[in-house]
Amino acid sequence: RFILAGLSAALPQAVDDEQLVVANAVSPTAGTLAATLGGLVGVVVRAIVGEGDGANALILTVCALLYTVAALVARTMAPDSLGPDDRATSSTWSELKIVARGLWEGLEHLKQRRPAAAALAAITANRFCYGLTTIMVLLLFRNTFNDPHDTDAGLRGFGTAVAVSGAGFLLSAIATPIILRHVRLSSWIPACMAGSGIVLAASATWFRVVPLLAGALVIGFLAQGQKICTDTTVQRNVE
């Protein structure tokens, strides 16, 4: 989350203000799809090598290799390509002190910029609830929809739910910039949160696989739509 927050903060360095909505739709959605693909890779590796400590070790090794590849790709970017503009060369310790001071100054900065503070509070609440929902879905596929002793079946079901939610993210990345041509950012954010609450309340009336997958699609769409809006709001009001 720390790295993703840094990427979001750096996005205005990469695109013009008029393109922030589209950039916020493309960037996190690409990351979510990559994370979904990574989860599917883990499922495939587990299915091929089976269970046990050896399988777990192999999955962790594959993860480490993928992280290394991502780091090597990131090294192809110029060090100052994402800001800050007034960067000065100094020691690591000095940089850490600058970061700590910047975090404090950032909190003071937000006190004077209510739209940015409100957007950050909204996305925090959104991600907290989305995390709880993800755990709920995992437990349902692990213990309710499948035999608790059949971990592979539970993992496949959860992987399907993650993939469906990822499809909602992709649809939202396409639809949100279009929706925001007719709806204000400040209106679409609470609409997405209210819609997510309604879908979750409806899901609580019955726990079945098909309704749950439909809910995962809708919540993925709304959660990503809110994130696009809140990121854009913060980026436009933080200066």
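Residues numbered from 1 in each chain as written. Predicted model: local features only at pLDDT ≥ 70, side-chain atom pairs only at ≥ 80, totals over all residues. Heavy atoms only, no water.

Caption draft 1: Quick peek at the packing of aromatic side chains. The final tally for this structure, using the stated rule, is two aromatic pairs. Note on Tyr130 and Phe169: the rings are 6.0 Å apart at their centroids and 50° apart in plane angle, and the pair reads as tilted. With Tyr130 in helix α5 (residues 114–144) and Phe169 in helix α6 (residues 151–179), this residue pair connects regions lying 39 residues apart in the sequence. Here Phe141 and Phe145 contribute two aromatic rings whose centre-to-centre distance is 5.1 Å and whose plane-to-plane angle is 80°, an arrangement assigned as edge-to-face. What makes Phe141 buried here is its relative accessible area of 4%. The aromatic ring of Tyr130 is capped on one face by Arg127, whose charged end is 5.8 Å from the ring centroid. (Phe/Tyr/Trp six-rings, centres within 6.5 Å; stacked < 30°, edge-to-face > 60°. Helix = DSSP H or I, 4+ residues; strand = E, 2+ residues; numbered from the N terminus. Buried < 20%, exposed > 50% of the residue type's maximum accessible area, 1.4 Å probe, protein only. Lys NZ or Arg CZ within 6 Å of the ring centre and 35° of its normal.)

Caption draft 2: The arrangement of a nonpolar patch on the surface in detail. Judged by side-chain polarity, Phe2, Ile3, Leu4, Leu7, Met77 and Leu82 come together as a nonpolar surface patch covering roughly 640 Å² of accessible area. Secondary-structure assignment places Met77 in the loop between α3 (53–74) and α4 (92–111). Met77 sits in the partly exposed class, given a relative accessible area of 42%. (Patch = residues over 30% accessible without salt bridge, like charges linked within 9 Å, V, L, I, M, F, W, Y side chains within 5 Å. Areas by Shrake-Rupley, 256 points an atom, 1.4 Å probe, with all protein chains shown as cover. Salt bridge = Lys/Arg side-chain N within 4 Å of Asp/Glu carboxyl O.)

Caption draft 3: Just α6, in detail. Between its terminal C-alpha atoms α6 stretches 41 Å, which fits the 42 Å expected from 29 residues at 1.5 Å a residue. The largest bend along α6 reaches roughly 30° and is located at Ala173, with the proline Pro177 sitting one to four residues downstream. At the N-terminal end of α6, a side-chain oxygen is found 3.3 Å from the backbone nitrogen of Ala153, two or three residues along, and the residue is Asp150. (Expected span 1.5 Å × (residues − 1). Bend = angle between axes of the 7 residues up to and from the residue. Polar contact = N/O pair within 3.5 Å; in protein donor to acceptor, adjacent residues only side chain to side chain.)

Caption draft 4: Looking closely at the environment of His109. By secondary structure assignment, the location of His109 is in helix α4. Spatially, the C-alpha atoms of His109 and Phe169 are 31 Å apart, while their sequence positions differ by 60 residues.

Caption draft 5: Seen up close, the nonpolar core. Ranked by size, the top nonpolar core spans twelve residues in total: Val21, Ala25, Ala122, Ala173, Leu180, Leu185, Trp188, Ile189, Cys192, Leu222, Ile228 and Cys229. Mapped onto this core, the elements with two or more residues apiece are α2 (20–49), α7 (185–203) and α8 (209–237). Broken down by element, this core gets its largest block of residues, four residues, from α7. Among residues more than four places away in sequence, those in contact with Leu185 are Leu180, Cys229, Thr232, Thr233 and Arg236. Ranked by size, the runner-up nonpolar core spans seven residues in total, among them Val137, Phe158, Leu212 and Leu213. (Core = buried A, V, L, I, M, F, W, Y, C linked by side-chain atoms within 4.5 Å. Contact = heavy atoms within 4.5 Å.)

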